[in-house]
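Structural characterization, general
This is what each chain is made of:
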Amino acid sequence: MIKLTIDGREVELERPVTVLEAAKRVGVTIPTLCYFEGLPNFGGCRLCLVEVERLPKLQTSCTLMASDGMVVRTETEQIRAARRAMLEFLLINHPLDCPYCDKAGECTLQDLVARYGPEAGRFAEGKRKHPESLDDPIIVRNMERCVLCTRCVRMCEDLQGAYAISVSGRGGHSLIEPFSGGRYDCEYCGNCLTVCPVGAIMSRLHRHSYRPWFVEREVETVCGYCGVGCSMVLQVREDSIVRTIPRFGLGLNNGLLCVRGRFGYDAVDGEGRLTTPLIRVEGRLEPVGWEEALAFVASRLGEIKDSHGGRAVGAIASGRCTNEDNYMLQKLMRFVIGSNNIDSAARFHYAPAEAFLESVFGQGITANLIPGIADSDGVFVTGGDPTAINPVLGLQVRAARRSGGKVIVLGPPGGLKRFVDHELVPMPYSDEVVLSAIVGGLMEAGRSSGENRAVEERLKELRLPSEEELSAAGIGPEALARAVDDLLKMTNPVVILGPEIMDGARASKRLFLVGAVAYLMNARIYLLSERPNYQGVMDMGCVPDLLPGGGPIGLEMLRDRIEAVLGLRVPEEGGLTLFEMVDEAERGGLRALYVMGEDLLFSLPDRARVQRALGRLDLLVVQDIYLTETAAMADVVLPAAAWSEKDGTFTNLERRVQLLRRGRYPRAGREDWRIIADIGGRLGMEKTYRSAEEVWEEVTHASPLHAGLGYSEIAGGGAVWPYHSEPLKGTEAGFAVQGLGELPGVEAPGGPYLMPERPLFHSGTLSRRSRALLSIHPEPYLVIPPSLSEELGVTDGGRVRVVGAKGTMVLKVRIDPDQREGTVLLSNTFEGANFAGLVGFTADPVTGCLTIEDNTVRLERVDDEAL
Amino acid sequence: MKIQEEIKGYLERYPDRRGALLPALYIAQRKAGWLSQEALEAVSEALDLPKATVRGVATFYAMYRQRPMGRHLIQLCTNVACMIFGAERLVDLLKERYGLEPGGTTDDGRFSLVIMECIGACDRAPAMLVDTDFHPGLTEEKIESILEGYE
Ligand code: SF4
Ligand code: SF4
Ligand code: SF4
Ligand code: FES
Ligand code: FES
């Protein structure tokens, strides 16, 4: 026990902390400038000086450890004079351009000088000059204002792990620069500008467009880009969003954001936001009023239901829409139309992966808290780069490594490059060989506990690769043995699983093996989620075979339960998955499709086939915020409210239910749930709803999982899995795995494999509406390895024609020395230049996930003159 | 690629990669006379250290050059001891004889001149460094004959 006195107050400490922190505990705030909670201490600004009895000089309280018997004073005339002197030194160079500076009003230096002075400086020699740098599209650097506190550098290195900026020069010439001296070319998380105490590093997005004290309202909400679900604050003035900022102490991201959350908020203000409903008249989409559009949709849906039955109608839900929106769509389909044909793009990877793992290990197996990753002593990552797919989760992996944990990555490490201990990059489509060897290694070490008989029984069938087979898969046996050794040393491990684990045939086998690795190591599993609400889509029953709450539709008990709550009957006939709906539409069995917030034509491969299928429908309704490729084909288009314009809830990949709050009123559209409820009402649904909260209220009754979980509990942070009720245990049904007894041979493909890139700066088709994100990553490119560039004779930025099984595109190339041999990458972001437009697909027979087919491509150099 | 190999050869002499940064920067500088962005990138790659970190260190020290320089760098001291012993006269001489201004480079790219503040040779003032060679006790005659030895 340490006892000390600070400003006459007694402080008792269990563990030693700095005097600054000790003071904070008894409510004494000591001024600081270079200190920032969570960053390593620097002790450079000397603003936090305090007097300590028996110590001759003033001490920096941010670095001085409190010790027993200390008597500390934090605000004496001597201290005030010292602070004034420190500030006077800073003002030698700091320009007094506050009227022109965006930081004025929330600037620490301004506040400190206002408090301590000096009222005028005595240094007459002129200030250093360094013109404001506008070289970067996103970040403005004004180094005349920099006080060299190095908070930005420590943030970028120690929390973000990007190492993109440093102090350059020396003494009075020091300033903060990215490597280029101009453009940042970094991860653009913006976390450096959160910590800059002055106006030296600022966002360019709202430059000179507001003053901090003009912010009228602050709205706490959740990011709409990915399944991490970072909390953020929308700052609003006159019904427009001035900026979004993170806040320390708020949400699981605790003050950090990634580039999409921080800068991508303008995606809802892109060109071409839908402003009015549209109906196709003589082949053209014409604007109509809401009443006409809603009446039309209701009557057409009613007619199709009456003449062909509910099964002729299907709906696509959306991982970008709220739980309330998705619940309502599900309600319309199941209980009003009478069809279980409801699915979403979660079908591609997330939903089947989760369903599969739950069938093996029980409900909630992937529900683990993100902040726990940093505390683990080992992380096994496979199937995608967490720092790009779920960036703030990726930071946790970096943090785990920094505090001594081992990181093992199976697959290209991407943003974990600097943070891996074992980088296992197999030949394309050979992951299952490596996974088998890892599982073999863990079993050999006696890691089978007998706890899950079913898993261990199946593992006996597993054919393990020989050393030659392992080497043929691209991994040396020694490298593998070393990785397994480290896996065995982990006591509190984490397994992180991305969508790419499902790419290629036998997805069930790879999933099973990753599950087995987690089981044998007793690890927590995290499933990366590319959309903010894929989990909610599933939880709300937007899956053909699951009811709200995730219970299987086949269980009569659950069907009866929901009937008792809603007074409405669940259709018994099984529903179609997204892929089956496309097939049925092509065959003419599906007559109407209601698409909410999904661009099917763009996100599904084999565009020609999808186009054909959608073209055969009698009714295609698309509800979205932009006229997407799919919307352009629709019979009716309904404009929806966007992320920052509505209330509701999202469920993130940890299964934390979080509130989304409206920052401003929709410019034109209506909330998705409201549109659907209106249509439902016209088709005989009796219940009406006035707010998203009322919809949620119904969810808490319909879903056993969410019982008793009102908005107030969600707001209070109480909505963390397993909520209030018991999750379902492993289902009796068992599970199927394909091909455990076989190993694939190494096939020589006819050309490089085209694989999807999941870029940090984009997210599906939404981000291409954001001017900010586009300014960082403006155009599509094909990532190729250097060997291919030599073979083709193209240089960086040159063009190639990519001939795929389902399409041909001319693309710029980007040569990446780390790109895996025999593979090229393209993201699914830009219109007319996207991954899905070149390849074919089928559904995985066991898990039902998306399996990409026909993805070897031929590349030809295109000389610019020929264009 | 040669730089990278040479740098890697140094790695084992240091407890960590960061420790090898200063010598690695010297190696890179020796190749071109200064540290271009490309040279810094090569160092960063060879040591697997972040580019920004490498640049930060390189810009901190005066002995690393951020701009192209002559083939040979003259570092002449004009601090107190050297000044008393006539260093300023030597500065003038370099201007007259070679057209070399402090901070400048000769037209033929042969020499660059940097003025130093005490190179620790006050007892043998005035003194200068040419590249890494130390030359104390300079006189007007001596400096010319020394410099003629550098092509
Ligand atoms: S935006 Fe992020 S990655 Fe870029 S310099 Fe700032 S902290 Fe580093
Ligand atoms: S740019 Fe800002 S955060 Fe970085 S050192 Fe300067 S004042 Fe500090
Ligand atoms: S990590 Fe995901 S939720 Fe967080 S800010 Fe980035 S995109 Fe948004
Ligand atoms: S806050 Fe303590 S020295 Fe800067
Ligand atoms: S003053 Fe020139 S070497 Fe010391």
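Basis of the calculations
- Residues numbered from 1 in each chain as written.
- Chains lettered and ligands numbered in written order.
- Predicted model: local features only at pLDDT ≥ 70, side-chain atom pairs only at ≥ 80, totals over all residues.
- Heavy atoms only, no water.
- Pairing = 2+ DSSP bridges.
- Helix = DSSP H or I, 4+ residues; strand = E, 2+ residues; numbered from the N terminus.
- Axes fitted to C-alpha atoms, helices over the stretch in contact; angles between N-to-C directions.
- Contact = heavy atoms within 4.5 Å.
- Buried < 20%, exposed > 50% of the residue type's maximum accessible area, 1.4 Å probe, protein only.
- Phe/Tyr/Trp six-rings, centres within 6.5 Å; stacked < 30°, edge-to-face > 60°.
- Domains from an automatic or database assignment.
- Buried area = accessible area lost by both parts, 1.4 Å probe.
- Salt bridge = Lys/Arg side-chain N within 4 Å of Asp/Glu carboxyl O.
- Nonpolar A, V, L, I, M, F, W, Y, C, P; charged D, E, K, R; others polar.
- Near = heavy atom within 4 Å.

The next thing to look at is the sheet that holds strand 18 (residues 406-410) of chain A. Residue and element names in this part refer to chain A. Ordered by their spatial adjacency, 5 strands build an open sheet running 19-18-17-20-21, and the pairing between neighbours is parallel. Edge positions in the sheet fall to strand 19 (422-424) and strand 21 (524-527), since each of these pairs with one other strand and no more. Taken pair by pair, the neighbouring strands of this sheet meet at an average axis angle of 15°, ignoring direction. In this structure, strand 18 lies alongside strand 19, joined through 3 bridges in parallel fashion. Within the sheet, the bridge partner assigned to Val409 lies in strand 19 and is Glu423. Here helix 16 (residues 507-521) sits on the sheet in contact with strand 17 (378-382), strand 20 (494-497) and strand 21, set at roughly 165° to strand 20.

Once that is clear, we can look at unusual backbone geometry. Residue and element names in this part refer to chain A. Cis rather than trans, the peptide bond between Gly117 and Pro118 has omega equal to 10°. Tracing the chain through its elements places Pro118 in the loop between helix 3 (108-116) and strand 6 (139-141). The omega torsion of the bond from Trp721 to Pro722 falls at 0°, within 30 degrees of zero and hence cis. Mapped onto the secondary structure, Pro722 falls in the loop between helix 24 (711-715) and strand 27 (753-757). Within the chain, Glu238 stands out as a residue other than glycine whose phi angle is a positive 45°. Mapped onto the secondary structure, Glu238 falls in the loop between strand 11 (231-237) and strand 12 (240-245). Backbone geometry at Arg655 places phi at a positive 70°, although glycine is not the residue there.

This part covers the environment of Gln819 of chain A. Residue and element names in this part refer to chain A. Take Gln819: it is sitting in the loop between strand 30 (807-815) and strand 31 (823-827). Overall, the relative accessible area of 10% leaves Gln819 in the buried class. Once you skip the residues sitting within four places of it in the chain, Gln819 turns out to touch Val783, Ile784, Pro785, Val824 and Leu825.

This part takes up the pairing of strand 7 (residues 165-168) of chain A. Residue and element names in this part refer to chain A. Bridge count for strand 7 against strand 8 (residues 175-178) is 4 bridges, and the pairing is antiparallel. Bridged to Ile165 within strand 8 is Pro178. Counted between consecutive antiparallel strands, the loop separating strand 7 from strand 8 contains 6 residues, among which Gly169 sits at a positive phi close to 75°.

Right, let's talk about the packing of aromatic side chains for a bit. Counted by the stated rule, this structure contains 15 aromatic pairs over all chains. Ring plane angle 75° and centroid distance 5.7 Å describe the contact between Trp721 of chain A and Tyr723 of chain A, whose orientation is recorded as edge-to-face. The exposure classification of Trp721 of chain A matches that of Tyr723 of chain A, with both residues buried. The interplanar angle of 75° and the centroid separation of 5.6 Å between the aromatic rings of Tyr98 of chain B and Phe111 of chain B together place this pair among those described as edge-to-face. Remark: Phe111 of chain B occurs in strand 2 (residues 111-116) and Tyr98 of chain B occurs in helix 6 (residues 87-98); sequence separation between them is 13 residues. Side by side, Tyr98 of chain B and Phe111 of chain B carry an identical accessibility label, which is buried.

On to the domain arrangement of chain A. Residue and element names in this part refer to chain A. What the domain assignment lists for chain A is domain 1 (2-75), domain 2 (124-267), domain 3 (278-349 + 536-600 + 650-715), domain 4 (350-527) and domain 5 (753-866). Its C-alpha centre places domain 3 at a distance of 35 Å from the equivalent point of domain 4. Each partner contributes to the interface: domain 3 provides 13 residues, whereas domain 4 provides 21 residues. Surface buried jointly by domain 3 and domain 4 totals about 1400 Å² across both partners, of which 55% is contributed by carbon and sulfur atoms. Interface area lost by domain 3 to domain 4 is led by His349, Leu653 and Arg655, which between them contribute 54%. Here domain 3 and domain 4 share 2 salt bridges between them. A salt bridge links Arg655 to Glu358, with the shortest nitrogen-to-oxygen separation between them at 2.9 Å. When the residues that make up the side of domain 3 that touches domain 4 are grouped by side-chain class, the tally is 5 nonpolar, 4 polar and 4 charged.

Our next topic: the site of ligand 3. All names here are of chain A. By nearness alone, every residue bordering ligand 3 is listed as Cys223, Tyr225, Cys226, Val228, Gly229, Cys230, Leu257, Cys258, Arg260, Gly261, Pro391 and Val392. Of all the elements in the fold, those that place two or more residues in the shell around ligand 3 are helix 6 (259-263) and helix 11 (391-402). Per-class residue counts for the shell around ligand 3 are 9 nonpolar, 2 polar and 1 charged.

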